[in-house]
Amino acid sequence: MAHAKAGAFLPVPNVQELAQTWNRSGEQVPDRYVRTEETGSDEVVAGCAIPVVDLSRLLDSRSSAEELANLGAACRHLGFFQIAYMQLINHGVPDEVIQDVKKDITAFFNLPLEAKRLHAQAPGGLEGYGQSFVFSETQKLDWADMIYLMITPKEERDLRFWPARPPSFRGSLDRYAAEAARVAASLLRSMAADLGVEPPERLMEAFRGQPQSMRATYYPPCRQAGDVLGLSPHTDATALALLLHVNGVQGLQIRRDDGRWLAVDPIDGAFVVSIGDIMEILSNGRYRSVEHRAVVHPDKDRISATMFHQPCSDTTVGPLPELVKKDGGRARYKSVAYMDFMKSFFASKLDGRRSHMDAMRI
């Protein structure tokens, strides 16, 4: 989600403000948000039990081999896995760090619209408060507002977009991002071991400095929740994403191979971690990025915060040579400059396509 200009987004109404007035009216949801062609015929499977990975066991030499197999199975099966909250504490993320960032993200979205618009996206940019990937006056819109921030490298931060209210926001996000980066580094090293990449630095080199960005999203309630989508179906154009549920309302759904959607009910206090397109390519297809979307609740708001971890801007994205060798010399994906990969990603959004990965496959 970073390192590339997104192109010129068109301004659209603020959904949170729209919902506050529309939900009290007797009117139908505005036509630009109606997505019944995507929601009406899709079968949803409730109560999805996605794999659980225990990082404390993964980092303990007495249990690492067993848990590494668990990690590998999770990455290859759905592309999503969960880390239970109690294991999260075991690898050093303090509860107060998580609670502080949840509190401040919630406080930001509860500010008056005028205060949030002080951090509005600039024309042609992705950072800041607003909506993303709106390219035409006729395209369907998501029932959500978001704020997107570049976090690492720090010299790429643009503090115009970092909320000054609440006053503790910048400090709590900084602390949380540092903890999330440590979690991601541990996961990437374990993935290198599972893939058989030796030394792990061969994989880690692509992520030197650990480029990191965050999207916090506010999904207002909608009386016609079954007719709208909070977030359109997509895969993540990143390596690894850590999803934090800021409040107790869930809405994440994962696309199964048979086309049905799995409704994810996360473990209380857990991260949901997704494998992105970059990791699918680096692993030569051993790991999979999976299409997912977000739905909304009829009478409750939902807030989430996703921390994205991506390669360095000068990285060449392609299958790792040692994995290609293990596959008999067959590379399943092209190798391209990361900046070109991101241009392709944004171009696919402009064309209205859900995935740009087909162009990468050989």
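The structure presented is a predicted model; accordingly, all values stated were derived computationally and were not measured.

Cut-offs used in this document
- Residues numbered from 1 in each chain as written.
- Predicted model: local features only at pLDDT ≥ 70, side-chain atom pairs only at ≥ 80, totals over all residues.
- Heavy atoms only, no water.
- Buried < 20%, exposed > 50% of the residue type's maximum accessible area, 1.4 Å probe, protein only.
- Helix = DSSP H or I, 4+ residues; strand = E, 2+ residues; numbered from the N terminus.
- Pairing = 2+ DSSP bridges.
- Polar contact = N/O pair within 3.5 Å; in protein donor to acceptor, adjacent residues only side chain to side chain.
- Salt bridge = Lys/Arg side-chain N within 4 Å of Asp/Glu carboxyl O.
- Core = buried A, V, L, I, M, F, W, Y, C linked by side-chain atoms within 4.5 Å.
- Phe/Tyr/Trp six-rings, centres within 6.5 Å; stacked < 30°, edge-to-face > 60°.
- Expected span 1.5 Å × (residues − 1).
- Axes fitted to C-alpha atoms, helices over the stretch in contact; angles between N-to-C directions.
- Parallel < 35°, antiparallel > 145°, perpendicular 65-115°, else oblique.
- Left-handed = near helix turned anticlockwise from the far one by under 90°.
- Contact = heavy atoms within 4.5 Å.
- Nonpolar A, V, L, I, M, F, W, Y, C, P; charged D, E, K, R; others polar.
- pLDDT = per-residue confidence, 0-100.

## Remarks on the pairing of strand 9 (residues 261-264)
Line of reasoning, step 1. Side chains of strand 9 alternate between two faces, with W261 and A263 and L262 and V264 buried alike.
Line of reasoning, step 2. The pairing of strand 8 (residues 252-255) with strand 9 spans three bridges and is antiparallel. Residue Q253 lies in a different strand from strand 9, and its bridge partner there is A263.
Line of reasoning, step 3. Between the antiparallel neighbours strand 8 and strand 9 lie five residues, among them G259 with a positive phi of about 90 degrees.

## Describing unusual backbone geometry
Line of reasoning, step 1. Residue P153 is bonded to the preceding T152 through a cis peptide linkage, with omega at 5 degrees.
Line of reasoning, step 2. Its location among the elements puts P153 in the loop between strand 4 (145-152) and helix 8 (169-195).
Line of reasoning, step 3. A cis geometry characterises the amide bond from R165 onward to P166, with omega recorded as -5 degrees.
Line of reasoning, step 4. Backbone geometry places Q210, a non-glycine residue, at a positive phi of 50 degrees.
Line of reasoning, step 5. If you trace the backbone, Q210 turns up in the loop between helix 9 (201-204) and strand 5 (212-219).
Line of reasoning, step 6. Look at N284: it is not a glycine, yet its phi comes out positive at around 55 degrees.
Line of reasoning, step 7. Residue classification places N284 among the buried residues on the basis of a relative accessible area of 1%.

## Here we look at the side chain of E179
Line of reasoning, step 1. Residue placement: E179 occurs in helix 8.
Line of reasoning, step 2. Polar side-chain contacts of E179 include one of 2.8 Å to the side chain of R182.

## Thoughts on the pattern of salt bridges
Line of reasoning, step 1. Within this structure, the stated rule accounts for 19 salt bridges.
Line of reasoning, step 2. D142 is the partner of R35 in a salt bridge, and the nearest nitrogen-oxygen pair spans 3.1 Å. Of the two residues, R35 is situated in the loop between helix 1 (15-22) and helix 2 (36-39) and D142 in the loop between strand 3 (128-130) and strand 4; the sequence distance between them amounts to 107 residues.
Line of reasoning, step 3. Judged by relative accessible area, R35 falls into the buried class, the value being 3%.
Line of reasoning, step 4. According to the relative accessible area criterion, D142 is partly exposed, its value standing at 21%.
Line of reasoning, step 5. Members of the salt-bridge network, linked through shared partners, are R57, E66 and E67.

## So, the nonpolar core
Line of reasoning, step 1. I105 and M191 are the most contacted members of the largest nonpolar core, which totals 80 residues.
Line of reasoning, step 2. Element by element, the count of residues in this core is highest for helix 8, at 13 residues.
Line of reasoning, step 3. Formed by 18 residues, the second largest nonpolar core is a distinct cluster that contains A144, V228, A294 and V296.

## Side note on the packing of aromatic side chains
Line of reasoning, step 1. For the structure shown, the criterion picks out nine aromatic pairs.
Line of reasoning, step 2. Ring centres of W22 and W143 lie 5.7 Å apart, and the angle between their planes is 70 degrees; on these two criteria the pair is classed as edge-to-face. Of this pair, W22 sits in helix 1 while W143 sits in the loop between strand 3 and strand 4, and the two are 121 residues apart along the sequence.
Line of reasoning, step 3. Look at W143 and you get buried, because its relative accessible area is 0%.
Line of reasoning, step 4. Between the aromatic rings of F108 and F169, the centroid separation amounts to 6.2 Å while the plane-to-plane angle is 55 degrees, which identifies the pairing as tilted. Residue F108 is found in helix 6 (residues 95-109), and its partner F169 is found in helix 8; the two are separated by 61 residues along the sequence.

## With respect to helix 8
Line of reasoning, step 1. Taking 1.5 Å of rise per residue, the 27 residues of helix 8 would be expected to cover 39 Å, and the 38 Å separating its terminal C-alpha atoms lies within 8% of that figure.
Line of reasoning, step 2. Downstream of helix 8 by a residue or two, G196 has a phi angle that is positive, lying close to 80 degrees.

## Brief notes about the packing of helix 6 against helix 8
Line of reasoning, step 1. Interaxial distance between helix 6 and helix 8 falls to 9 Å at its minimum, and their mutual angle equals 135 degrees. Classified by the interaxial angle, the pair formed by helix 6 and helix 8 is oblique. Between helix 6 and helix 8 lies a crossing of left-handed hand. Touching V97, I98, D100, V101, D104, I105 and F108 of helix 6 are F169, S172, L173, R175, Y176 and E179, all from helix 8.
Line of reasoning, step 2. Partitioning the contact of helix 6 with helix 8 into residue classes produces eight nonpolar, one polar and four charged.

## What to know about the environment of G318
Line of reasoning, step 1. You can see G318 is positioned in the loop between strand 13 (316-317) and helix 11 (321-326).
Line of reasoning, step 2. Taking relative accessible area as the criterion, G318 reaches 7% and is therefore assigned buried.
Line of reasoning, step 3. A C-alpha to C-alpha distance of 5.5 Å links G318 and L282, two positions 36 residues apart in sequence.
Line of reasoning, step 4. In contact with G318, other than residues within four places in its own chain, are I281, L282, K334 and S335.

## Looking at the confidence of the model for the protein chain
Line of reasoning, step 1. Here the protein chain averages 86 in pLDDT, while 90% of its residues score no lower than 70.
Line of reasoning, step 2. Element-level mean pLDDT values for the protein chain span from 32 in helix 5 (residues 85-90) up to 97 in strand 5.
Line of reasoning, step 3. Low pLDDT, under 50, characterises residues 83-91; the predicted model gives this stretch 29 contacts beyond four residues in sequence or across chains.

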